[in-house]
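This is what each chain is made of:
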Amino acid sequence: MSHSRMVPIRRRAGAAAFLAIAACAAVFLSFPAHAKSEREPLGLCAGADDEIRLDLRVSGVRSPDGEVAIVLYGGRAKDFLAKGAWVNRVRVPALKGTVETCLLAPQPGQYAIALYHDEDANGKLNKTWIGIPDEGFGFSNDAPAPLRAPRFDEAAFTAGTGDNPLEITLRY
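Residues numbered from 1 in each chain as written. Predicted model: local features only at pLDDT ≥ 70, side-chain atom pairs only at ≥ 80, totals over all residues. Heavy atoms only, no water.

Caption draft 1: Structural detail: the packing of aromatic side chains. Within the structure shown, the criterion is met by 5 aromatic pairs. Look at Tyr-73 and Phe-80: their rings are 5.5 Å apart centre to centre, the planes differ by 85°, and that puts the pair in the edge-to-face class. By relative accessible area, which is 2% here, Tyr-73 ends up buried. The class for Phe-80 is buried, based on a relative accessible area of 8%. Ring plane angle 35° and centroid distance 6.4 Å describe the contact between Tyr-111 and Phe-157, whose orientation is recorded as tilted. Taken together, the residues Tyr-111 in strand β5 (residues 109-118) and Phe-157 in strand β7 (residues 157-159) connect sequence positions 46 residues apart. (Phe/Tyr/Trp six-rings, centres within 6.5 Å; stacked < 30°, edge-to-face > 60°. Buried < 20%, exposed > 50% of the residue type's maximum accessible area, 1.4 Å probe, protein only. Helix = DSSP H or I, 4+ residues; strand = E, 2+ residues; numbered from the N terminus.)

Caption draft 2: Up close: the nonpolar core. By size, the foremost hydrophobic cluster in this structure holds 22 residues, and its most contacted members are Leu-54, Leu-56, Ile-70, Leu-72, Ile-113, Leu-115 and Phe-157. Beyond its immediate chain neighbours, meaning those up to four positions away, Phe-157 contacts Leu-54, Leu-72, Gly-109, Gln-110, Tyr-111, Ala-112, Ile-113, Ser-140, Asn-141 and Leu-166. Among the nonpolar cores identified, the runner-up in size contains 16 residues, and Tyr-73, Leu-81, Phe-137 and Phe-139 belong to it. (Core = buried A, V, L, I, M, F, W, Y, C linked by side-chain atoms within 4.5 Å. Contact = heavy atoms within 4.5 Å.)

Caption draft 3: Representation of the sheet that holds strand β1 (residues 52-61) in the model. Taken in spatial order, the 3 strands of this open sheet run β4-β1-β8, and their pairing is mixed. Only two strands of the sheet have a single neighbouring strand rather than two, namely β4 (97-105) and β8 (162-169). If you compare each strand with its neighbour and ignore which way they point, the axes differ by 20° on average. Bridge count for β1 against β4 is 9 bridges, and the pairing is antiparallel. Across the sheet, the residue bridging to Ser-59 is Thr-98, located in β4. (Pairing = 2+ DSSP bridges. Axes fitted to C-alpha atoms, helices over the stretch in contact; angles between N-to-C directions.)

By themselves these figures say nothing about function.
Structure, rendered in structure tokens:
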């Protein structure tokens, strides 16, 4: 598609785009204010051989301020980003550049992750006055979220027993 075709689409979608971004930000406000903040190095998850370990590397962290809040959702599409529908969650201290941590999943299967950089550690995703996220956010598979939150199938991955390496890039 040429650039000239994209400009009119963006102009027509202006108000709707801002509402979609605000809705996405509202989902992030449901992230937990406090959770486990223990940090384990990538590949060194503690646990039995038959556990499902998600070795997570979050890149693009712009500052060492605050924490990175990570929420793991199970295999039901209707639960993805739904308040209280998570299967595991963790908050880890932010490090400029890359943060590495481990999450445990309850059983082999499909999952999706949503996360954000809570730079001021206030337990919520801050937004600009027009509702656009003011702190970094990301999803498993680096699922795109240009005008809306991604669907479950865009962020879903399959995890089996043992170590499951995952990489997510924060977007600011």
